[in-house]
Amino acid sequence: MKRSSGIRLCVTVAVSALSLALITGCSDGGSDKAESNTKSSTGDLAQDSSKNTAKALSAAELKKRILAQGDVNGYKVAAADALPGGRSGVKGDEKCKPLLYVLSGVAPADAPAETNRMATADKKPSAAASADVEDMSADEVEKALTGSMSVDLTMVGLSSYDGDGAEKAFKAVSDAVAGCAGGFTGTAGGEPQKFTKVSAEKGSGTGDESVAYAAYGEPDAEDGTTPVSHAVVVLHGNVVATYYTMNVGAMVADKAYTVPAAVITAQSAKLK
């Protein structure tokens with residue numbers, strides 16, 4: 001089944017994460033170094049920024065605060081696989097790069113320290129999983145394959161900044177959601193990316209501020225299905241939490257999915 005280039009990165013990362021998380025476990029190669037739903041206005045943050053002398057948390061401190069196995073029911077949490085080419089390999093329009101950074105599993109802005117984890121939803125075996133492929137029709141095989149990939153994979157990232165760096169990083173994402181509504185292109189993970197539209201979604205209601213967005217890829221050449229990726233970014237003082245959820249099965253079947261609230265809630269609890 002041919003998928004559009006707009007989700008090559010998403011599918012590549014998701015399939016890799018599926019194989020690692022569900023079969024062999026993720027490697028320790030992760031980095032360690034929308035509609036805004038606010039509790040305080042951007043204006044208030046701007047006024048306070050001149051007084052902000054906060055120091056960034058260290059990588060060791062972030063590791064203590066990042067989501068860990070056992071923190072959220074129904075999910076396996078493990079170190080995330082590193083993005084091929086790393087942060088420096090993410091290229092594109094400067095104003096839209098914060099969105100692509102988040103969709104690539106790295107901090108939305110250069111940070112003194114960052115870390116990430118992959119949260120994989122538990123999946124119960126289906127009846128199709130034990131069926132003999134030779135006894136299945138082509139449609140049944142396709143449905144079985146799609147079902148096997150219908151798993152929420154959420155990249156959770158934490159980055160910490162000195163002074164008002166976290167506020168600026170958050171604002172860069174918020175501004176990009178509005179400024180890149182007409183779509184954008186770039187490169188990440190060695191793959192060209194093209195998103196035709198960015199739309200604001202409801203924020204998580206956690207932290208000091210939150211912004212959420214959906215990024216739409218190119219329609220599939222064969223069936224017209226438009227792949228959609230979802231992300232949430234939350235400001236917690238001088239820490240920015242990012243969430244990027246992939247569900248390849250849902251994309252292929254053109255079914256709706258979102259960033260799991262349970263994952264956001266569990267991570268937010270560790271940042272209070």
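Residues numbered from 1 in each chain as written. Predicted model: local features only at pLDDT ≥ 70, side-chain atom pairs only at ≥ 80, totals over all residues. Heavy atoms only, no water.

A. Examining the state of the cysteines more closely. A full pass over the atoms with the stated rule returns one disulfide. One disulfide in the model links Cys 96 with Cys 180; its S-S distance is 2.0 Å. Its S-S torsion of about -105° marks the bond between Cys 96 and Cys 180 as left-handed, since a negative value means left-handed. Within this pair, whereas Cys 96 is found in the loop between β3 (91-92) and α4 (97-103), its partner Cys 180 is found in the loop between α6 (165-179) and β6 (184-188), the two being separated by 84 residues in sequence. Comparing Cys 96 with Cys 180, the two get one shared label, buried. (Disulfide = S-S within 2.5 Å. Helix = DSSP H or I, 4+ residues; strand = E, 2+ residues; numbered from the N terminus. Buried < 20%, exposed > 50% of the residue type's maximum accessible area, 1.4 Å probe, protein only.)

B. A look at the packing of aromatic side chains. Here the structure, examined in full by the defined rule, presents one aromatic pair. We note Arg 87 situated over the ring of Tyr 101; from NZ or CZ to the ring centre the distance is 3.9 Å. Between Lys 197 and the ring centre of Tyr 216, over which it is positioned, the NZ or CZ distance is 4.4 Å. (Phe/Tyr/Trp six-rings, centres within 6.5 Å; stacked < 30°, edge-to-face > 60°. Lys NZ or Arg CZ within 6 Å of the ring centre and 35° of its normal.)

C. Region of the structure containing the nonpolar core. Formed by 36 residues in total, the largest nonpolar core has its most connected members in Leu 99, Phe 184 and Tyr 213. Within the residue set of this core, elements represented by two or more residues are α4, β5 (153-160), α6, β6, β7 (191-201), β8 (209-217), β9 (228-236) and β10 (239-246). For this core, the element with the highest residue contribution is α6, accounting for six residues. Core analysis: the second largest hydrophobic core is formed by 24 residues, Val 151, Leu 158, Val 239 and Tyr 243 among them. (Core = buried A, V, L, I, M, F, W, Y, C linked by side-chain atoms within 4.5 Å.)

D. Fine view of the environment of Lys 194. Here Lys 194 is to be found in strand β7. Relative accessible area serves as the criterion here: at 37%, Lys 194 is assigned to the partly exposed category. Distance in space between the C-alpha atoms of Lys 194 and Phe 184 is 6.0 Å, their sequence separation being 10 residues.

E. Representation of the environment of Ala 68. Along the chain, Ala 68 turns up in the loop between α3 (59-65) and β2 (75-79). Each C-alpha atom, one on Ala 68 and one on Met 118, is 9.4 Å from the other, the two residues being 50 residues apart in sequence. Those residues in contact with Ala 68 that sit more than four places away from it in its chain are Val 77 and Lys 270. (Contact = heavy atoms within 4.5 Å.)

Treat this as a map of the structure, not an account of what it does.
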